[in-house]
Amino acid sequence: MSETSLTHGIKFKDKVGYALGDAGGLLTFSLIGAFQNKFYTDVLGISPGKILVLILIARIWDAINDPLWGAFIQSRKPSPKGQFRPWILGFSVPLAIAAALMFLKIPGWSEGQYLAYAYITYIAYGMMYTAVNIPYGSLASVITDDELERSSLSMWRSIGAGVGGLPGTIILPMIVYTVVGKYPNGTNIQVLDGNKLFWCILVLCVVSVGVYFAHYKMTKERIAPQKKVKDKNHNALATLKDLSKNRAFIMLCIASMLLIAFQFYYQSTYMYLFTDYFGKPGLYSMVSICTYLPMAIFIPIMNKLITKFGKKELCAVGMAFATLAVLIQFIIKDTSLASPSNPTAPYIFLGLTFLSGLGQTFLVLEVWALVMDVIDYHEVRTGKREEGMTYALFSFTRKLGQTLAGVGLNALLAAISYDGTITQNGGELSADVISNLYKISTLVPAIMLALMAIVLFFGYDLSKKKLASIHTELQQRRAAENAD
């Protein structure tokens, strides 16, 4: 039996191996949401307005780079090792190097020199991450064609992402800060230590290469690539045109863009919040626990829930619940429940974060299964299976979400007059700045969650019933192709 003759029946090894692919990426990618903005503002002393422009320019380049790379991957003849896996392994080392350089501070430079260095390293990292992540995102669709197995892979990818993000979001916040004084209300003034941060990140970069190697060894591409048919009228622009008519694809891109924007935004703002508002940056490690712990509750029963209710339906209801939890965080702003002088306030905040995490879990776990559903739907509509280009465009919209978070955060930091160099130099932030940090850390995430719920309820149209019809048609087509 050939390696691609069996198109389903994945084993535990496949699931763990696939999860390791996102674990390797998140070992460094999670650091962007957790530390990059604060590293730029506090350690390098770059103003939020200049960071905003940097992020916009990087995304303009991504608009060119991502679709081109997706089309390139899609056009390559598969090697004996597969169509996607060799690219992931090959670019794992350049990705690790780019990540380490992104958090390196060279002493004695001016803000302008640091800004130029930030442009080079930030854009280089984005390109290397694209080089790895587009083939990785396309990989699941050639590991299995079974709906529940794909759902399982999506859950394992989310587990891998959660595990990969743990060192950066749980361990590092307890290591890389130093207490330099106290505010009048008794909370600690703590600053980010750039040297500690760099050496910790360097270790994570080395580990990430080993994790990618294990991913490569433990995964297998079972589904043979669709035979390339020369079509002079079909190219990347034609694929883009086809996908622009695919409502499910457009709505999923919007929902996923908002999800990434939400995740990056709250990860970044919570770092400021727990450091400057609550004065307990070490508690930031609990944010990831509260967000990902709900996965442990739902993973054992997720496939049963999907079978009964459907993926779209679960994700929409979950986001509505998450919206309510974060809205409560904002509403209690002017009560003792959220006062930085109340020692229980950060724990009340974390409790609501856990409830929000419960609601987010469904979309976080199933978003990659939804991508595979959209790829299947695209094949039914057009007769072409174009994982590389589809995932490249989807990946770009997620980068737009990252841009939305970065631009929005820095615009708001500038609006509230945040200056990270004040605490770095032993000073204190004003009471108004600290109060406004809480407001922008809760109201904006609540709005983004509400928009996701609306898009999933009323925009994304691959319901449980419609998906069953799509998969039945695909099975019939493939049976006919095999008979020929």
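Per-chain numbering applies: the sequence of each chain, read as written, is numbered from 1 onward. Whole-chain, interface and lining totals are the exception, using all residues; otherwise, since this is a predicted model, local features are given only for residues with pLDDT of at least 70 and side-chain atom pairs are given and counted only at 80 or more. Note that water and hydrogens are dropped before the side-chain values are worked out from all heavy atoms of the structure.

Comments concerning the nonpolar core
Here is the rule: Here, the term nonpolar core denotes a set of buried Ala, Val, Leu, Ile, Met, Phe, Trp, Tyr and Cys residues that are joined through side-chain atoms within 4.5 Å. Note on exposure labels: buried denotes an accessible area under 20% of the residue type's maximum, exposed denotes more than 50%, and partly exposed covers the range between, all computed with a 1.4 Å probe on protein chains only. Put simply, DSSP H or I for four residues or longer makes a helix, DSSP E for two residues or longer makes a strand, and each gets a number counted from the N terminus. Contacts: residue pairs with any heavy atoms within 4.5 Å of one another.
Core analysis: the biggest nonpolar cluster contains 151 residues, and Phe 35 and Tyr 40 have the highest contact counts within it. Sort the elements by how many residues they give to this core and helix α9 (residues 247-277) lands first, with 20 residues. If we ignore the near neighbours within four places in the chain, the residues touching Tyr 40 are Gly 45, Ile 46, Ile 51, Leu 54, Met 102, Ala 118 and Tyr 122.

Description of empty space enclosed by the protein
As a reminder of what qualifies: Each cavity reported here is a set of points on a 1 Å grid over the protein atoms alone in which a 1.4 Å probe fits but cannot get out, each pocket an open set with protein on both sides within 12 Å along at least five of seven lines, and each lining residue one with an atom within 4 Å of a point. Grid points are joined across faces, edges and corners, and a volume is the space filled by probe spheres set on the points. When residues are sorted by character, Ala, Val, Leu, Ile, Met, Phe, Trp, Tyr, Cys and Pro go into the nonpolar class, Asp, Glu, Lys and Arg into the charged class, and all the rest, Gly among them, into the polar class.
On inspection of all chains with the given rule, the structure shows five cavities of 30 Å³ or more. Volume-wise, the largest cavity comes out at about 440 Å³. Leu 26, Phe 29, Ile 260, Gln 263 and Arg 398 are the residues nearest the centre of the largest cavity, which is lined by 29 residues in total. Here the element with the most residues in the lining of the largest cavity is helix α6 (residues 147-171); it accounts for seven residues. Tallied by class, residues from the lining of the largest cavity come to 13 nonpolar, 12 polar and four charged. Roughly 120 Å³ of internal volume is contained in the second largest cavity. Mapped onto the lining of the second largest cavity, the elements with two or more residues apiece are α1 (12-43), α2 (48-75), α9 and α14 (387-415). Residue composition of the lining of the second largest cavity, by class: eight nonpolar, five polar and no charged.

A word on the packing of helix α4 (residues 92-102) against helix α5 (residues 111-143)
Where we set the bar: What counts as an axis is a line fitted to C-alpha atoms, over the stretch in contact for a helix, and the angles between N-to-C directions run from 0 to 180 degrees. Put simply, angles under 35 degrees are roughly parallel, angles over 145 are roughly antiparallel, angles from 65 to 115 are roughly perpendicular, and the rest are oblique. Helix crossings get a hand from a simple test, with the near helix turned counterclockwise from the far one by less than a right angle marking a left-handed crossing and a clockwise turn marking a right-handed one.
Where α4 meets α5, the closest approach of the two axes is 8 Å, and the angle between their N-to-C directions is 155°. With respect to their mutual orientation, α4 and α5 come out roughly antiparallel. Here α4 runs over α5; the crossing is left-handed. On α5, the residues touching Ser 92, Pro 94, Leu 95, Ala 98, Ala 99, Leu 101 and Met 102 of α4 are Tyr 117, Thr 121, Tyr 122, Ala 124, Tyr 125, Met 128, Tyr 129 and Val 132.

Concerning the side chain of Asp 22
With respect to the helices, strands and loops of the structure, Asp 22 is situated in helix α1. Residue classification places Asp 22 among the buried residues on the basis of a relative accessible area of 5%.

Thoughts on the layout of surface pockets
Space inside the second largest pocket adds up to approximately 250 Å³. Lining the second largest pocket are 12 residues, and of these Arg 85, Lys 217, Met 218, Thr 219 and Lys 220 lie nearest its centre. If you list the elements that add at least two residues to the lining of the second largest pocket, you get α1 and α7 (194-218). Sort the elements by how many residues they give to the lining of the second largest pocket and α7 lands first, with three residues. Here the lining of the second largest pocket is composed, by residue class, of three nonpolar, one polar and eight charged.

Re the pattern of salt bridges
Our working rule: By salt bridge we mean one thing: a side-chain nitrogen of Lys or Arg within 4 Å of a carboxyl oxygen of Asp or Glu.
Evaluated as defined, the whole model comprises seven salt bridges. Salt-bridge contacts for Glu 111 lead to Lys 50; the nearest nitrogen and oxygen are separated by 3.5 Å. Residue Glu 111 is found in helix α5, and its partner Lys 50 is found in helix α2; the two are separated by 61 residues along the sequence. Between Asp 373 and Lys 311 there is a salt bridge; the shortest N-O distance is 3.2 Å. Remark: Lys 311 occurs in helix α12 (residues 311-331) and Asp 373 occurs in helix α13 (residues 345-382); sequence separation between them is 62 residues. Here Lys 311 falls in the buried class, since its relative accessible area comes to 4%. Put simply, Lys 38, Asp 42 and Asp 276 are held in one network by salt bridges that share partners.

As for the pairing of strand β2 (residues 188-192)
Two faces, one strand: in a regular strand the side chains alternate between the faces of the sheet. Basically, it comes down to this: Each pair of strands is called paired provided DSSP finds at least two bridges between the two strands.
Of all five residues making up β2, four are buried, and the element is well covered by its neighbours. Relative to β2, strand β1 (residues 177-182) is paired through five bridges, and the arrangement is antiparallel. Opposite Gly 181, over in β2, you have Ile 189 as the bridge partner.

A look at unusual backbone geometry
One non-glycine residue, Ser 417, lies in the positive phi region at around 65°. Note on placement: Ser 417 falls in the loop between α14 and α15 (421-424).

Things to note about the packing of aromatic side chains
Which entries qualify depends on this criterion: Note on ring pairs: Phe, Tyr and Trp rings are taken, using the six-membered ring of Trp, and paired if centres are within 6.5 Å. Classes follow the plane angle, with under 30 degrees stacked, over 60 edge-to-face and the rest tilted. Counted as over-ring charges are cases with an Arg CZ or a Lys NZ within 6 Å of the ring centre that also lie within 35 degrees of the ring normal.
One pass over the structure, following the stated rule, counts 28 aromatic pairs. Consider the rings of Trp 109 and Tyr 114, whose centres lie 5.9 Å apart with planes at 45°: the pair is tilted. The class for Trp 109 is partly exposed, based on a relative accessible area of 32%. Through a chain of ring-to-ring contacts, the aromatic side chains of Phe 262, Tyr 266, Tyr 270, Phe 274, Tyr 277, Phe 278, Phe 349 and Tyr 438 assemble into a single cluster. Above the plane of the ring of Tyr 216 lies Arg 85, whose end atom (NZ or CZ) is 4.3 Å from the centre. In this arrangement the basic side chain of Arg 381 is found over the ring face of Tyr 377, its NZ or CZ atom lying 5.9 Å from the centre.

Some details on a positive patch on the surface
Inclusion rule: Candidate patch residues must exceed 30% relative accessible area and have no salt bridge, after which like charges are joined if within 9 Å and Val, Leu, Ile, Met, Phe, Trp or Tyr side chains if within 5 Å. Values of accessible area rely on a 1.4 Å probe in the Shrake-Rupley scheme; residue burial ignores everything except the protein chains shown. Only four residue types enter the tally: Lys and Arg on the positive side, Asp and Glu on the negative side, with His and both chain ends excluded. Charge positions are represented by NZ for Lys, CZ for Arg, CG for Asp and CD for Glu.
Taken together, the side chains of Lys 13, Lys 81, Lys 217 and Lys 220 define a basic patch exposed on the protein surface. Structurally, Lys 81 is set in the loop between α2 and α3 (85-90).

A word on the side chain of Ser 208
Our working rule: Contacts described as polar in this section are N or O atom pairs within 3.5 Å, which, within protein, must combine one atom able to donate a hydrogen with one able to accept it, while residues neighboring in sequence count only if both atoms come from side chains.
Here Ser 208 shows up in helix α7. Taking relative accessible area as the criterion, Ser 208 reaches 2% and is therefore assigned buried. At a separation of 2.6 Å, a polar atom in the side chain of Ser 208 contacts the main-chain carbonyl oxygen of Cys 205. When residues no more than four places from it in sequence are discounted, the contact partners of Ser 208 are Gly 24, Leu 27 and Ala 96.

Here we look at the environment of Asp 42
Summarising the element assignment, Asp 42 is placed in helix α1. In this structure the C-alpha to C-alpha distance between Asp 42 and Gly 137, which are 95 residues apart in sequence, comes to 34 Å. With residues up to four places along the chain from it excluded, the contact list for Asp 42 reads Tyr 418, Gly 420 and Gln 424. A distance of 2.8 Å separates polar atoms of two side chains, one belonging to Asp 42 and the other to Thr 41. Engagement of the side chain of Asp 42 in a polar contact is seen with the side chain of Tyr 418, the distance being 3.3 Å.

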